[in-house]
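This is what each chain is made of:
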Amino acid sequence: MPDSAPKALHKVKLFAGLSPEELGKIEVVCRYKRFSANEQIFDRNSKARDVFFVIRGKVRVVNYSLAGREITLDDISEGEYFGELAALDGQPRSASIMALTDCLIVALSPVQFVQVLERHPKVALRALRRLSQIVRRSTERIMDLSTLGANNRVHADLLRLAEAGDKKDNTVMIRPIPVHGDIASRIGTTRETVARVLNDLARRGIVKRTKDALVISDMARLHEMVEDVRG
């Protein structure tokens, strides 16, 4: 194994602040798993309840409509985790997970995950805050889907992406450049609509594309456009 487990677990944000000894106790009950790009990690309604920590790579949380259209719910990167809902409530998975890239992932059983939360209150609080963020993001997305037109949903998604980008004054650089199909999947529209809206924003000087980034040139204006419609 190229990474020693305590060193690998040190990359997990949930475990920030734990000592090497504490990480070592978690490591001995973990299992390493490797997944290739585009491989499914688990399916929606799967009864497996392990919690997974992404050591290398990136995974996508997806659901599918009755017509088979893929709906992207979230992308999860190195240092983050997924699968905690089933571990906590004992219910089947609420979404499917697929590897976007080759991944190295650590799996922890639901029993061991709960024991870690019980032993380490700061870790438990961090997990609760993440669940709160999920609820807030989900509520925001539901409102956007219910109240915004397709063009405005593209604006709102760009604003969400920009929040995690490289900020400088009124400018934000989003890396890597967002894929039109990914945006469309998240907000329930088409690639063509996304392309049209981005071209319109570029003509208005609000966004521009460079070699390796999508630059939001006027964050204040983009924020104003979204909030004006949300009311």
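Residues numbered from 1 in each chain as written. Predicted model: local features only at pLDDT ≥ 70, side-chain atom pairs only at ≥ 80, totals over all residues. Heavy atoms only, no water.

Enquirer: Which parts of the structure should I look at to understand the environment of G181?
Expert: Position of G181 among the secondary structure elements: in helix α7 (residues 180-187). Since its relative accessible area comes to 15%, G181 is described here as buried. Taking the C-alpha atoms as reference points, G181 and A8, 173 residues apart in sequence, are found 32 Å from one another. (Helix = DSSP H or I, 4+ residues; strand = E, 2+ residues; numbered from the N terminus. Buried < 20%, exposed > 50% of the residue type's maximum accessible area, 1.4 Å probe, protein only.)

Enquirer: What should I look at first to understand the layout of surface pockets in this one?
Expert: To find leftover empty space, one rolls a probe the size of a water molecule over the atoms. Volume-wise, the second largest pocket comes out at about 200 Å³. Looking at the second largest pocket, it is lined by 13 residues, and the ones nearest its centre are E70, G181, A184, S185 and R191. Put simply, the parts of the chain that give the lining of the second largest pocket at least two residues each are β5 (70-76), α7 and α8 (191-203). Examining the composition of the lining of the second largest pocket, we find that four residues originate from one element, α7, more than from any other. Its residues placed into classes, the lining of the second largest pocket shows two nonpolar, five polar and six charged. (1 Å grid on protein atoms, 1.4 Å probe; cavity = no way out; pocket = protein on both sides within 12 Å on 5 of 7 lines; lining within 4 Å. Points joined across faces, edges and corners; volume = space filled by probe spheres on them. Nonpolar A, V, L, I, M, F, W, Y, C, P; charged D, E, K, R; others polar.)

Enquirer: Is there a simple way to think about the sheet that holds strand β2 (residues 40-42) in this case?
Expert: Remark on secondary structure: sheet strands pair via backbone hydrogen bonds, oriented parallel or antiparallel. Read from one edge of the open sheet, four strands run β2-β7-β4-β5, paired in antiparallel fashion. At either end of the open sheet lies a strand with only one pairing partner, and these are β2 and β5. Going from strand to strand, the sheet's axes swing by 35 degrees on average, the running direction of each strand aside. Both β2 and strand β7 (residues 96-99) contribute to a ladder of two bridges, which runs antiparallel. Counted as the bridge partner of Q40 is M98 from β7. (Pairing = 2+ DSSP bridges. Axes fitted to C-alpha atoms, helices over the stretch in contact; angles between N-to-C directions.)

Enquirer: Looking at this model, I keep getting lost on the sheet that holds strand β1 (residues 31-35). Mind explaining?
Expert: Strand order in the open sheet formed by four strands is β1-β8-β3-β6, and the pairing between neighbours is antiparallel. Taken across any chain shown, the strands that pair with only one partner, and hence form the sheet edges, are β1 and β6 (81-82). Here strand β3 (residues 51-56) runs beside strand β8 (residues 103-108); their pairing, made up of five bridges, is antiparallel. Directly across from V51, in β8, lies its bridge partner L108.

Enquirer: Would you mind showing me how to read α8 here?
Expert: Residues separated by three or four positions in an α-helix point in the same direction, a consequence of the helix having 3.6 residues per turn. Helix length check: α8, at 13 residues, gives a terminal C-alpha distance of 18 Å against a target of 18 Å (1.5 Å per residue), a fit within 8%. Looking only at α8, the buried set comprises T193, V194, V197, L198 and L201. Down the axis of α8, the buried side of the element spans an arc of 130 degrees, and every buried residue falls inside it. Away from the buried face of α8 by more than 90 degrees, exposed residues R191, E192 and R203 are located. Elements in contact with the buried residues of α8: α6 (150-163), α7, β11 (207-209), β12 (214-216) and α9 (219-230). Just downstream of α8 lies G205, where phi reads positive at about 75 degrees. (Expected span 1.5 Å × (residues − 1). Arc of directions from axis to C-beta. Contact = heavy atoms within 4.5 Å.)

Enquirer: What's the story with the packing of aromatic side chains in this structure? I'm lost.
Expert: The geometry of an aromatic ring pair is captured by the separation of the ring centres together with the interplanar angle, meaning the angle of the planes. Inspection of the entire model under this criterion finds five aromatic pairs. Ring geometry for F42 and F82: centres 6.0 Å apart, planes at 45 degrees, overall tilted. Taken together, the residues span a long stretch of sequence, with F42 in strand β2 and F82 in strand β6 at a distance of 40 residues. In this pair, the class of F42 matches that of F82, namely buried. Note on F52 and F82: the rings are 5.3 Å apart at their centroids and 15 degrees apart in plane angle, and the pair reads as stacked. Taken together, the residues span a long stretch of sequence, with F52 in strand β3 and F82 in strand β6 at a distance of 30 residues. On the basis of relative accessibility, which here comes to 6%, the residue F52 falls in the buried class. (Phe/Tyr/Trp six-rings, centres within 6.5 Å; stacked < 30°, edge-to-face > 60°.)

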